[in-house]
Amino acid sequence: MRALHKIIPRQPAHWVGDGFNVYPVFGRHAFSESFSPWLMFDYAAPKHFPPTTAQRGVGQHPHRGFETITIAFQGEVEHGDSVGNRDVIGPQDVQWMTAGRGVIHEEFHSRNFAKTGGTFEMC
């Protein structure tokens, strides 16, 4: 049986862009050797967003040398990247992106979700 190494208290939330209010699950331990291979793990707890015509999310930003995984519980995210991939991730969907030597991508609430509003939850 393995021993429990550390209990990390709930971290304060912060906004990523204007569409993702996330809790960094591993906090300051995210980039440490003890958490390898996890680099970071953000959880967007259920949050209600009213209908809008604005594009909520985070614009183009780079990733390099690791994998990103998005799991949708509620709401929808439209993801696009510099390799030409673009799709909507909805409830019960999982999206895996290999950053490899580098990729630029963006994530926004889907147009449909923004139009109707609703509860958003992802990790």
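Use the structure listed above.
Now for a description of the structure that goes with this document. (Residues numbered from 1 in each chain as written. Predicted model: local features only at pLDDT ≥ 70, side-chain atom pairs only at ≥ 80, totals over all residues. Heavy atoms only, no water.)

**Some details on the pattern of salt bridges**
A full pass over the atoms with the stated rule returns 3 salt bridges. For Glu78, the salt bridge goes to Arg86, with nearest N and O atoms at 3.4 Å. Among the ionic pairs, Glu78 bridges to Arg111, the shortest N-O distance being 3.3 Å. Taken as a pair, Glu78 in strand 6 (residues 77–81) and Arg111 in helix 1 (residues 111–116) lie far apart in primary sequence, 33 residues in all. In this structure Glu78 comes out as buried when scored by relative accessible area, which is 12%. By relative accessible area, Arg111 is classed as exposed at 63%. (Salt bridge = Lys/Arg side-chain N within 4 Å of Asp/Glu carboxyl O. Helix = DSSP H or I, 4+ residues; strand = E, 2+ residues; numbered from the N terminus. Buried < 20%, exposed > 50% of the residue type's maximum accessible area, 1.4 Å probe, protein only.)

**So, the nonpolar core**
Phe20, Val22, Ala44, Phe49, Val58, Ala72, Val77, Ile89, Phe113, Phe120 and Met122 together form the largest nonpolar core, which totals 11 residues. Listing elements by their share of this core, those giving two or more residues are strand 2 (20–24), strand 3 (42–49) and strand 10 (118–122). Beyond its immediate chain neighbours, meaning those up to four positions away, Val77 contacts Phe20, Asp87, Val88, Ile89, Glu107, Phe108, His109, Ser110, Phe120 and Met122. (Core = buried A, V, L, I, M, F, W, Y, C linked by side-chain atoms within 4.5 Å. Contact = heavy atoms within 4.5 Å.)

**Remarks on the side chain of His63**
Following the sequence through the fold, His63 ends up in strand 4 (residues 57–63). What makes His63 buried here is its relative accessible area of 16%.

**Regarding the pairing of strand 3**
Pairing between strand 2 and strand 3: 2 bridges, direction antiparallel. Across the sheet, residue Tyr23 finds its bridge partner in strand 3, namely Tyr43. Pairing geometry for strand 3 and strand 10, over 4 bridges, is antiparallel. When the sheet's bridge partners are listed, Ala44 is paired in strand 10 with Met122. (Pairing = 2+ DSSP bridges.)

**Some words on a nonpolar patch on the surface**
A contiguous nonpolar patch, built from Phe31, Leu39 and Met40 and spanning about 310 Å² of accessible area, is present on the exposed surface. Secondary-structure assignment places Phe31 in the loop between strand 2 and strand 3. (Patch = residues over 30% accessible without salt bridge, like charges linked within 9 Å, V, L, I, M, F, W, Y side chains within 5 Å. Areas by Shrake-Rupley, 256 points an atom, 1.4 Å probe, with all protein chains shown as cover.)

**Here we look at the sheet that holds strand 5 (residues 67–74)**
Backbone-to-backbone hydrogen bonds pair the strands of a sheet. The strands run either parallel or antiparallel. Spatial ordering of the open sheet is given by 1-2-3-10-5-8, a layout of 6 strands whose pairing is antiparallel. The open sheet has two edge strands with one neighbour each: strand 1 (14–16) and strand 8 (94–98). For this sheet, the mean angle separating the axes of adjacent strands, direction not counted, is 30°. Strand direction decides the pairing type here: strand 1 and strand 2, joined by 3 bridges, are antiparallel. By the bridge assignment for strand 2, Trp15 is matched with Asn21. (Axes fitted to C-alpha atoms, helices over the stretch in contact; angles between N-to-C directions.)

**Let's talk about the environment of Glu107**
Tracing the backbone shows Glu107 in strand 9 (residues 103–109). We classify Glu107 as buried; its relative accessible area is 18%. C-alpha of Glu107 to C-alpha of Gly57: the two residues are 50 residues apart in sequence and 5.7 Å apart in space. Those residues in contact with Glu107 that sit more than four places away from it in its chain are Phe20, Gly57, Val58, His61, Thr70, Val77, Glu78 and His79.

As far as function goes, none of this settles anything; it's purely spatial.
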